[in-house]
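Each chain, written out:
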Amino acid sequence: MAEVKLQNVSKVYENNVVAVKDISFTVEDKEFVVLVGPSGCGKTTTLRMIAGLEEISKGELYIDGKLMNDVPAKDRDIAMVFQNYALYPHMTVFENMAFGLKIRKYPKNEIKKRVEEAAKILGIDHLLNRKPKQLSGGQRQRVAVGRAIVRKPKVFLFDEPLSNLDAKLRVQMRTEISKLHQKLEATMIYVTHDQTEAMTMGDRIVVMKDGIVQQIDTPLNLYNRPINKFVAGFIGSPAMNFIPGKIIRYNGLRFVSDKNQFSFLINENQNTFDNYIDKKIIVGIRPEDFIPASMMQNDNLEEINCEVDVVEPMGNESFVYFQIDEIQIVARISSSIIIKPGQKFSFSYNPAKIHLFDGESEKRIA
Ligand code: ATP
């Protein structure tokens, strides 16, 4: 299998649209890396440059240490699975899966062996004689994946392969692709705009915005130590709450929100904040890090008193909406705690789980 390395890669389209700006990352051999970001952030362009379907404007692409910039797509030993499956409608499942091998002039018995093997892995061996229109969306997607597997490529590329499937099937296929990765021990690069897909599938995740890589890290590190406010807000659902304010000196260092409804003592190394006194700061708190004050064992923790706006019961937990400084905040709490809209309620929060961002650069502080 293979290592994929991008070094200062940029893409400028003909009309001067800069789709990807100076990105560098390495996908290790056998690694599953997910490129994630909002629509238009350049993830598909990046994948297409790796595949050889799009020219690289600047920078270098290496596969297994070999420079690939000028190697045609067909010679890169890469297979790509597309969002729209791209199956040939007039061919059977078998013919669709065999096509890539046939044009590469593989012997008939080898093609048959590989197609049957892949079909078995994907649970579509009973569908080999059907045409694509006689298949469900999930089955078509499996055929598209099967077509990639039979080639035994060095690298698999997936471009939003599950977006056309319904929610339940998407979750199921997610697991199947992860299992496939373990089984094939292949290098895989997967593009999605869905942060849940990224978090559940990736060994590492590359978060992109406006053609620029924001952070490359494991799912847990992205979640626990997002490098800036964008990553903090993009990863996690419901999204992290943000409250602007500043740090003042008052019996030590305190964060005070803009409209004074929320403040807390900063316990971290105080020197870290020397440059931030009286400057704009944004506090980030994940919905699950608000805790009903009645459940807190440590009486010293500060509380926020609020009036509940909306409660969304999710089964095992509820999303509780309220306001701090007139900003809508969401907390995730156990549904065993009964809360009603209009009720006065006190929340506390885990001080160790609070995130602080520079109000200007939006970068993480400390
Ligand atoms: P999505 O999730 O919507 O597919 P993406 O993150 O994959 O988005 P890209 O498709 O890579 O984003 O597009 C990145 C930027 O490049 C966008 O601004 C897009 O409009 C632009 N772009 C993409 N393809 C072309 C093209 N062929 N010519 C000009 N601009 C393009």
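For the structure given in this document, a descriptive report is provided here. (Residues numbered from 1 in each chain as written. Predicted model: local features only at pLDDT ≥ 70, side-chain atom pairs only at ≥ 80, totals over all residues. Heavy atoms only, no water.)

### Comments concerning the sheet that holds strand β10 (residues 212–217)
Applicable threshold: Note: two strands are recorded as paired if DSSP finds a minimum of 2 bridges between them. Counting from the N terminus, the helices are the DSSP runs of H or I reaching at least four residues and the strands are the DSSP runs of E reaching at least two. Working convention: axes come from line fits to C-alpha atoms, limited for helices to the stretch in contact. Angles between N-to-C directions cover 0 to 180 degrees. Here, two residues are considered to be in contact whenever any of their heavy atoms come within 4.5 Å of each other.
Read across the sheet, six strands follow the order β6-β7-β8-β3-β9-β10 without closing on themselves; strand pairing throughout is mixed. The outermost strands of the open sheet, each flanked by one partner alone, are β6 (78–81) and β10. Averaged over all adjacent pairs, the angle separating strand axes in this sheet is 15 degrees, with direction ignored. Across five bridges, strand β9 (residues 204–209) lies against β10 in antiparallel orientation. Directly across from Ile-205, in β10, lies its bridge partner Asp-217. Along the sheet face, helix α4 (residues 137–149) touches β6 and β7 (155–159) and points at about 175 degrees away from the line of β6.

### Here we look at helix α2 (residues 93–103)
Put simply, the test is: Each residue is placed in one exposure class: buried if its accessible area under a 1.4 Å probe, protein chains only, is under 20% of its type's maximum, exposed if it is over 50%, and partly exposed if it falls in between.
Of all the residues in α2, the buried ones are Val-93, Asn-96, Met-97, Ala-98, Gly-100 and Leu-101. At its buried positions, α2 is contacted by α3 (108–122) and α4. Residue Lys-105 follows α2 closely and has a positive phi angle near 65 degrees.

### Comments concerning the site of the ligand
What counts, and what does not: Throughout, near means a residue has at least one heavy atom within 4 Å of the molecule or strand. Any pair of nitrogen or oxygen atoms within 3.5 Å is treated as a polar contact; in protein, a donor-acceptor pairing is required on top of that, and neighbouring residues in sequence qualify only through side-chain atoms on both sides. In these tables, accessible area is a Shrake-Rupley quantity obtained with a 1.4 Å probe, and a residue counts as shielded only by the protein chains included in the view. Residue classes follow a fixed rule: Ala, Val, Leu, Ile, Met, Phe, Trp, Tyr, Cys and Pro count as nonpolar, while Asp, Glu, Lys and Arg count as charged, and any other residue, Gly among them, counts as polar.
Taken together, 13 residues lie near the ligand, and Ser-39, Gly-40, Lys-43, Thr-44 and Thr-45 sit nearest. At 3.0 Å, a backbone N or O of Gly-42 approaches an oxygen atom of the ligand. In isolation the ligand has 640 Å² of accessible area, and contact with the protein removes 61% of it. For the shell around the ligand, the leading source of residues is helix α1 (residues 43–51), giving three residues. Grouping the amino acids of the shell around the ligand by side-chain chemistry returns five nonpolar, six polar and two charged.

### Here we look at the pairing of β9
Looking along a regular strand, one sees side chains alternate from face to face of the sheet. When strand β3 (residues 32–36) meets β9, the two strands line up parallel, connected through four bridges. Counterpart to Val-36 in the pairing with β9 is Val-207.

### Notes on the pairing of strand β1 (residues 4–12)
Note that β1 and strand β4 (residues 58–63) share five bridges and pair antiparallel. Opposite Lys-5, over in β4, you have Tyr-62 as the bridge partner. Across six bridges, the pairing between β1 and strand β2 (residues 18–27) is antiparallel. Each bridged residue has a counterpart across the sheet, and for Val-4 the counterpart in β2 is Val-27.

### A look at the sheet that holds strand β20 (residues 344–349)
With antiparallel pairing, three strands are arranged side by side in an open sheet as β15-β20-β16. Every other strand in the sheet has two partners, leaving β15 (290–292) and β16 (304–307) as the edge strands with one partner each. Direction aside, neighbouring strands of the sheet carry axes that sit 45 degrees apart on average. Judged from the three bridges that link them, β15 and β20 form a sheet pairing that is antiparallel. Bridge assignment links Ile-291 to a residue of β20, and that residue is Ser-348.

### Details of the layout of surface pockets
Applicable threshold: Cavity: a set of points on a 1 Å grid over the protein atoms alone where a 1.4 Å probe fits but cannot get out. Pocket: an open set with protein on both sides within 12 Å along at least five of seven lines, its lining residues, like those of a cavity, having an atom within 4 Å of a point. Grid points are joined across faces, edges and corners, and a volume is the space filled by probe spheres set on the points.
Space inside the largest pocket adds up to approximately 490 Å³. Looking at the largest pocket, it is lined by 19 residues, and the ones nearest its centre are Ile-78, Met-80, Phe-82, Arg-104 and Arg-151. Mapped onto the lining of the largest pocket, the elements with two or more residues apiece are β6, α2 and α4. For the lining of the largest pocket, the element with the highest residue contribution is β6, accounting for four residues. Considering only residue class, the lining of the largest pocket consists of 14 nonpolar, one polar and four charged. Reported here for the second largest pocket is a volume of approximately 200 Å³. For the second largest pocket, the full set of lining residues is Met-91, Phe-94, Glu-95, Ala-98, Phe-99, Lys-102, Tyr-106, Lys-108, Ile-111 and Lys-112.

### Some remarks on unusual backbone geometry
Between Ser-237 and the following residue, Pro-238, the backbone shows a cis peptide bond with an omega angle of -5 degrees. If you trace the backbone, Pro-238 turns up in the loop between α8 (229–234) and β11 (241–249). Even without glycine at this site, Lys-152 takes up a positive phi of about 45 degrees. Structurally, Lys-152 is set in the loop between α4 and β7. For Asp-325, which is not a glycine, the phi torsion comes out positive at approximately 55 degrees. Counting through the fold element by element, Asp-325 comes out in the loop between β18 (317–324) and β19 (327–334). With a relative accessible area of 6%, Asp-325 lands in the buried category.

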